[in-house]
Amino acid sequence: QVHVVESGGGSVQAGGSLRLSCAASGRTFSTYAMGWFRQAPGKEREFVAAITGSGGTMYYADFVKGRFTISRDNAKNTVYLQMNSLKPEDTAVYYCTAGQVTTTQAEYYNYWGQGTQVTVSS
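Just so it is clear, the model here is predicted, and its values are computed rather than measured.

Each value, and the rule that gives it
- Residues numbered from 1 in each chain as written.
- Predicted model: local features only at pLDDT ≥ 70, side-chain atom pairs only at ≥ 80, totals over all residues.
- Heavy atoms only, no water.
- Disulfide = S-S within 2.5 Å.
- Helix = DSSP H or I, 4+ residues; strand = E, 2+ residues; numbered from the N terminus.
- Buried < 20%, exposed > 50% of the residue type's maximum accessible area, 1.4 Å probe, protein only.
- Phe/Tyr/Trp six-rings, centres within 6.5 Å; stacked < 30°, edge-to-face > 60°.
- Salt bridge = Lys/Arg side-chain N within 4 Å of Asp/Glu carboxyl O.

Novice: How should the state of the cysteines be read in this particular structure?
Specialist: A covalent bond bridging the sulfur atoms of two cysteines is what the word disulfide describes. All chains considered together, the criterion is met by 1 disulfide. There is a disulfide in this structure between cysteine 22 and cysteine 96, and the S-S distance comes to 2.0 Å. Handedness of the cysteine 22-cysteine 96 disulfide follows from its S-S torsion of about -80°: it is left-handed. Residue cysteine 22 is located in strand β3 (residues 18-24), and its partner cysteine 96 is located in strand β9 (residues 92-99); the two are separated by 74 residues in the primary sequence. By relative accessible area, cysteine 96 is classed as buried at 0%.

Novice: I keep staring at the packing of aromatic side chains and nothing clicks. Help me out?
Specialist: The geometry of two aromatic rings is summed up by the distance between their centres and the angle between their planes. A full pass over the atoms with the stated rule returns 5 aromatic pairs. With a centroid separation of 6.1 Å and 75° between ring planes, the pair formed by tyrosine 32 and tyrosine 111 is classed as edge-to-face. Placement of tyrosine 32 in the loop between β3 and β4 (33-39) and of tyrosine 111 in strand β10 (residues 109-112) is noted, with a sequence separation of 79 residues between them. Considered together, tyrosine 32 and tyrosine 111 belong to a single accessibility category, that of buried residues. Both rings, one in tyrosine 109 and one in tryptophan 112, keep their centres 6.5 Å apart while their planes meet at 75°; by these two values the pair is edge-to-face. Note on tyrosine 109: relative accessible area 5%, which makes it buried. One aromatic cluster in this structure is built from Phe37, Phe47, Tyr109 and Trp112.

Novice: Whenever I open this one, the pattern of salt bridges confuses me. Can you help?
Specialist: Oppositely charged side chains may form a pair once their charged atoms are brought near each other. Under the criterion given, the structure shown has 4 salt bridges. In this structure, aspartate 62 and lysine 65 form a salt bridge, with 3.2 Å as the shortest nitrogen-oxygen distance. Comparing aspartate 62 with lysine 65 shows no difference in burial state: the two are exposed. One salt-bridge network, held together by shared partners, links Arg38, Glu46, Arg67 and Asp90.

So, in C-alpha cells, the structure goes:
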C-alpha cells in the first residue's frame, strides 16, 4: 500500500514556473513507477509524465516536452514535477500516482493522490 500526497500547486502567470512535489509513504518507494496526470475542467484526465522506480527513464506527453521535468529522490520518498514556461492551457488539477508499471496509461496505476490545482493566467 502506498499513500501519495501532492503539494506545490498554485497560481502563476504565463511563462512562469512551479514545482510540484509528491510525498509517498512506504518503505518500497523505489520499486514503484511514479506518474503525473492532469485533468482540466470538462476534460478527461491525461498523462503528463512518468518515471521508473530507479529514476533512470522518464516519459513525457508531447505537449510538455522541453518544458516539464519529472524527477525523484528515493531517499526522500518524493517525486517532483518541475514545470517551466507555463501556459494557460496547463491549468488543471495535477495528480500524482504510483504503480508497478511505468506507463502512460492511467488504468495501470494503483495509488492516486487527491490532486493539486495549478492555474496559469495569461
